[in-house]
Structure formats: C-alpha cells, structure tokens
Amino acid sequence: MVKEKTAEEIGQIWTQYFATKDTISAVIPAMKFELMQKRAQSCPTFLYALPRAEGYEFFVGQWSSKHLHFTSLINIQTLAENAPSQLILYHYCELQEDKGIVLLTAEMDSTFLGVHEAQCLASQVPLFYATDRLETFGLVETFNHKPDKFKHMSVIAELEHSGLWG
C-alpha cells in the first residue's frame, strides 16, 4: 500500500493519523535526518530549554541509536541514572532510501509534559543538530567536548535568535 504512495502522500497520512492522538509526529527529509544522525554520533547529548511561566526548565536530550530521550535536568540531578525519560522521539527510517523521508512520533509522560511542550522540545532538535550555522552546532559540540566552557544561557539566546519561540 505504501509503495505506491509518494512521500508527500505518506507524510499526509502520517500527520493526519497522529493529529487526533495525544502525542507529536513529524515527517523529516532524509538528508536532514542523516545530518542529525551523523552529528549525534559525535555529540549524543545536549541541553534543551523549555519556556515555563517563571523562566526555563532544562532538559537533557540523549541519543540512543535512532531514538532521542529527553529527561528534565532536575530529575537527572536528583535521581541520576534512575531518572526516567519524560519524552522519547522515535525515528522510523524504513522509507528513508525509497521515499526520502523519516517518520517521527513520540512517547511522552503526559503528567509532566503537554503536547505543545513536547513539540517545543522536538522542534529544537533540528535547530541544533541540522543547522547550517556553525555557531549553533558549536553549542552542541561545546556541551559534549568542552563542558567546562558551555554556558546554558547560550541555548536560550540561540532559541531567541532563531525565532522558534515566536
């Protein structure tokens, strides 16, 4: 059934199916996903910021193969390796070669994150991992390879600069 469909048609079906679910989904161009995966191999972890009523809450994103696990920084600080993921992004690559797309959906802890918040975190992944701006990906590299030089406020500054938050 899928083999006869175009990438656009598959993307529409995927998006429509998940539109009624309490989760997020996306259709990612294969080349963008390949760049994110390549960069995730050398820089598997990054700090993401989620705007809250009184400032920001930070989440650590950790790549594990084609999945990206998000855990709140406060949970990591208090629970260490026992900290559960509040959001997991699943990337399905079965159509990557034939159709040039990767399908994404997520599993989320709805007691901790709403769909809008999950979307906010997921939208930051290509911003930092698939960017053409070397300064932006430089933050990811610094976080992974020179953590003593990393400044968490630079994430917020980059998000504000990107226009992702409106």
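Check the entry above for the structure.
What you are looking at is a predicted structure, and each value in this text was computed from that prediction instead of being measured.

### Some remarks on the overall build of the protein
Step number 1: Counting its secondary structure elements, the protein contains seven helices and six strands.
Step number 2: The linear arrangement of helices and strands in the protein, starting from the amino end, is α-β-α-β-β-β-α-β-α-β-α-α-α.
Step number 3: Its C-alpha atoms give the protein a radius of gyration of 16 Å, within 12% of the compact-globule value 15 Å for 166 residues.
Step number 4: Relative to all contacts within the protein whose residues are 6 or more apart in sequence, the contacts with residues 24 or more apart total 56%.
Step number 5: Here the protein has roughly 9,400 Å² of accessible surface; of this, 54% comes from carbon and sulfur atoms.

### Considering the pattern of salt bridges
Step number 1: All told, the structure shown has four salt bridges when counted by the stated rule.
Step number 2: Glu 135 is the salt-bridge partner of Arg 133, the closest N and O atoms lying 3.1 Å from each other.
Step number 3: The exposure class of Arg 133 is partly exposed, given its relative accessible area of 31%.
Step number 4: Ionic contacts of the salt-bridge type, sharing partners, join the residues Arg 52, Glu 57 and Glu 117 into one network.

### As for the environment of Lys 99
Step number 1: Relative to the helices and strands, Lys 99 is located in helix α4 (residues 96-99).
Step number 2: On the accessibility criterion, Lys 99 (22% relative accessible area) is partly exposed.
Step number 3: Separated by 93 residues in the primary sequence, Lys 99 and Thr 6 place their C-alpha atoms 7.0 Å from one another.
Step number 4: Ignoring anything within four residues of it in the chain, the contact list for Lys 99 reads Val 2, Lys 3, Lys 5, Ala 7 and Ile 10.

### Regarding the pairing of strand β2 (residues 45-52)
Step number 1: For β2, the tally of buried residues reaches six of eight residues, placing the bulk of the element in the interior.
Step number 2: Here eight bridges tie β2 to strand β3 (residues 55-64), and the two strands are oriented antiparallel to one another. Pairing of Phe 46 across the sheet is with Gly 61, part of β3.
Step number 3: Once β2 ends, the chain turns through two residues before running back antiparallel as β3.

### Structural notes on the sheet that holds β2
Step number 1: The sheet built from six strands is open, its strands ordered β1-β6-β5-β4-β3-β2 with antiparallel pairing. A strand with exactly one partner marks an edge of an open sheet, and here the two such strands are β1 (25-29) and β2. Across this sheet, the average inter-strand angle for adjacent strands is 25°, counted without regard to direction.
Step number 2: Note: strand β4 (residues 67-72) against strand β5 (residues 87-92), four bridges, orientation antiparallel. The residue of β5 that forms the bridge with His 69 is Ile 88.
Step number 3: Helix α7 (residues 153-162) rests against β2 and β3 of the sheet, and its axis sits at about 65° to β2.

### Here's the deal with the nonpolar core
Step number 1: Ranked by size, the top nonpolar core spans 41 residues in total, and within it Leu 89, Phe 128 and Tyr 129 carry the most contacts.
Step number 2: Top contributing element to this core by residue count: helix α5 (residues 115-129), with eight residues.
Step number 3: Sequence-distant contacts of Tyr 129, that is, excluding residues within four places in its chain, are made with Leu 35, Met 36, Arg 39, Ala 40, Cys 43, Pro 44, Thr 45, Phe 46, Tyr 48, Trp 63, Phe 137 and Val 140.
Step number 4: Ile 10, Phe 18, Leu 95 and Ile 101 belong to the second largest nonpolar core, which has seven residues in total.

Conventions we followed
Residues numbered from 1 in each chain as written. Predicted model: local features only at pLDDT ≥ 70, side-chain atom pairs only at ≥ 80, totals over all residues. Heavy atoms only, no water. Helix = DSSP H or I, 4+ residues; strand = E, 2+ residues; numbered from the N terminus. Rg over C-alpha atoms; globule rule 2.2 N^0.38 Å. Contact = heavy atoms within 4.5 Å. Areas by Shrake-Rupley, 256 points an atom, 1.4 Å probe, with all protein chains shown as cover. Salt bridge = Lys/Arg side-chain N within 4 Å of Asp/Glu carboxyl O. Buried < 20%, exposed > 50% of the residue type's maximum accessible area, 1.4 Å probe, protein only. Pairing = 2+ DSSP bridges. Axes fitted to C-alpha atoms, helices over the stretch in contact; angles between N-to-C directions. Core = buried A, V, L, I, M, F, W, Y, C linked by side-chain atoms within 4.5 Å.

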